[in-house]
Amino acid sequence: MAQQCVSKVELTVSCENLLDRDVTSKSDPLCVLLMNSSSSQWFEVGRTEKVQNCLNPKFAKKFLLDYYFEVVQKIKFGIYDIDNTTVDLSDDDFLGEFECTLGQIVSSRKLTRPLVLKNKKPAGKGTITISAEEIKDNRVVNFEVEARKLDNKDFFGKSDPYLEFYRQMESGWQLAHRTEVVKNNLNPCWRPFKIPLRSLCGEDMEKPIKVECYDYDNDGSHDLIGTFETTLTRLSEASRSTPAEFECVNMKKKQKKKNYKNSGIVCVKHCEIVKEYTFLDYIMGGCQINFTVGVDFTGSNGDPRSPDSLHYISPNGVNEYLSAIWSVGMVIQDYDSDKLFPAFGFGAQIPPNWQVSHEFPLNFNATSPYCQGIEGVVEAYRICLPQVRLYGPTNFSPIINHVARFAYEAASQKSASQYHVLLIITDGVITDLDQTRSAIVNASRLPMSIIIIGVGGADFSAMEFLDGDDGRLRAPNGETAARDIVQFVPFRNFQNSPKEALAQSVLAEVPGQLVSYFNMTKLPPPSQPTPPAQA
């Protein structure tokens, strides 16, 4: 499971045309930020300063929030006219509020909306503008390093060298990076690697950096070959034509041997500080996430009219398919501006000829399979269900290839403006496993991710196999996936969990997958985020 995608987001708030509640002067507004917990309780996150006598305030104090892509974070901005020194806002005049999700603000970067009163009527002509900026120094240092004539520390064979980079702290040296081990080689060339600038030197170009070269031993008793100290300024002078060269010195050897020079030379061929874009850089830079749904209509689901069926819609209007669509869709929809979601079924006989189809539009409109919002997907599913005959087999590859065609078009634009997420909800064992493996390996080179949610109690071991957490997925021809793009979860694991838990689990890896694709293709965000204008 990937680490949760948590970023710090700074929100800057301003208002215009606020209601004037003061008789002899103008309102003295303050903005309070509330967040909705999973128990539907609003709690206060923070407040801005009070701006005296102003109907168009630009608040200097900003809100700093943890942002999670995989969670719908409901937030509410309340504007109050402060007429006293009490902390309690209930005795202050209410000027209006605005409720939204943090995802909506992040995907817009700057959002202006009308303020409303408690009865949801307009608060005069009052508006609120919220700007979002990610707070993060996400620069990294890219390295290409090799060495020559390293000391041999092994009796049988040659040394197995690796490097460790250390950052100087007040408490001593802190490990920042360890390279891979190059086996049996006194003139090693390590694979290119990167170290976050903050980890390497705390962003101080002149801060000492220590590099240690070791001979790796399986028993953990690694032998020090030698060490040197430098700075990022010196390292940055390196180029492939004139590498920065450093003598690797072993102090114990130096003290023992009179004519000791060094224990080898470490050559830095490339050292470049670059900005590494984050998920929020891409979203704020205009990247849209296109969401497609694929629903399993195979016979193993059971007759939809029977309460035993996975497609049976209970009296309160839900089943596992609908719960999965709602849960994931409610998060994703904030990142797609047109809110038009293609939705397909597979494994059913469809009218009028009752041929089996593995990619039919739920709205039966082949030229426009789009549904308006998640509500539209749910509605299309409800209308489609009684009109098809559940059949088989369970083939995933047609719908994966269908979305991959759109992802291929997006990739050919050479812009980080589109990314596709396919949600497949299925009840069972996959039939076209080899074709699906090939389809996923092909898709791994495209701007897309695949989420598979297994409903019911079937054996989902084949699905776990498609989720490459244990290593890269291979196609039948031996070709390896360029990156891990599949996330599988069984719905049954979340039946007794809060409704947000399913979306958190299946969407947690999407930000990393999106960034890995655009890093792999070296595509920057479509437009560079700029900090909100200061007052």
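On a predicted model such as this, the values are computed, not experimentally measured, just so you know. (Residues numbered from 1 in each chain as written. Predicted model: local features only at pLDDT ≥ 70, side-chain atom pairs only at ≥ 80, totals over all residues. Heavy atoms only, no water.)

Caption draft 1: Inspection of the packing of aromatic side chains at higher detail. All told, the structure shown has 22 aromatic pairs when counted by the stated rule. Measuring from centroid to centroid gives 5.9 Å for Tyr277 and Tyr282, while their planes differ by 65°, and the two rings are edge-to-face. Note on accessibility: Tyr277 and Tyr282 belong to one class, buried. Among the aromatic residues, those joined into a ring-pair cluster are Tyr277, Tyr282, Tyr419, Tyr517 and Phe518. When the ring centre of Phe94 is taken as reference, the NZ or CZ atom of Lys118 above it lies at 4.5 Å. Taking NZ or CZ as reference, Lys210 lies 5.6 Å from the ring centre of Tyr166, over its face. (Phe/Tyr/Trp six-rings, centres within 6.5 Å; stacked < 30°, edge-to-face > 60°. Buried < 20%, exposed > 50% of the residue type's maximum accessible area, 1.4 Å probe, protein only. Lys NZ or Arg CZ within 6 Å of the ring centre and 35° of its normal.)

Caption draft 2: The arrangement of the nonpolar core in detail. Ranked by internal contacts, the top residues of the largest apolar core, which has 120 residues, are Leu11, Phe77, Phe297, Ile453 and Leu507. With seven residues, helix H6 (residues 320-332) is the largest single contributor of residues to this core. Excluding anything up to four places from it in sequence, Ile453 contacts Ala324, Val328, Leu423, Ile424, Ile425, Thr426, Phe488, Val489, Phe491, Leu502 and Val506. Among the nonpolar cores identified, the runner-up in size contains 28 residues, and Leu200, Ile209, Ile225 and Cys248 belong to it. (Core = buried A, V, L, I, M, F, W, Y, C linked by side-chain atoms within 4.5 Å. Helix = DSSP H or I, 4+ residues; strand = E, 2+ residues; numbered from the N terminus. Contact = heavy atoms within 4.5 Å.)

Caption draft 3: Layout of the side chain of Arg483. Inspection of the secondary structure puts Arg483 in the loop between helix H10 (461-466) and strand E26 (486-490). One buried charged side chain, Arg483, makes no salt bridge at all; its nearest oppositely charged neighbour is Asp484, positioned 8.5 Å away. Only 3.2 Å separates the side chain of Arg483 from the backbone oxygen of Met448, close enough to count as a polar contact. Looking at Arg483, its side chain comes within polar contact range of the main-chain oxygen of Gln513, at 2.8 Å. Apart from the residues lying within four places of it in its own chain, the contact partners of Arg483 are Tyr419, Ala443, Ser444, Leu446, Pro447, Met448, Arg472, Gln513, Ser516, Tyr517 and Met520. (Lys, Arg positive; Asp, Glu negative; His and termini not counted. Salt bridge = Lys/Arg side-chain N within 4 Å of Asp/Glu carboxyl O. Polar contact = N/O pair within 3.5 Å; in protein donor to acceptor, adjacent residues only side chain to side chain.)

Caption draft 4: Geometry of a negative patch on the surface. Where like charges cluster on the molecular surface, the negative patch consists of Asp83, Asp88, Asp91 and Asp93. Within the secondary structure layout, Asp88 lies in the loop between strand E5 (74-81) and strand E6 (93-101). (Patch = residues over 30% accessible without salt bridge, like charges linked within 9 Å, V, L, I, M, F, W, Y side chains within 5 Å. Areas by Shrake-Rupley, 256 points an atom, 1.4 Å probe, with all protein chains shown as cover. Charge placed at Lys NZ, Arg CZ, Asp CG, Glu CD.)

Caption draft 5: Expanded view of helix H7 (residues 373-384). Along its 12 residues, H7 runs 17 Å from first to last C-alpha, staying within 8% of the 16 Å computed at 1.5 Å per residue. Those residues of H7 that are buried lie in contact with strand E17 (288-296), H6, strand E18 (340-346), strand E21 (360-361) and strand E22 (370-372). (Expected span 1.5 Å × (residues − 1).)

Caption draft 6: Region of interest: the state of the cysteines. Here the structure, examined in full by the defined rule, presents zero disulfides. The thiol of Cys271 is unpaired, and the distance to the nearest cysteine sulfur, on Cys201, comes to 9.3 Å. (Disulfide = S-S within 2.5 Å.)

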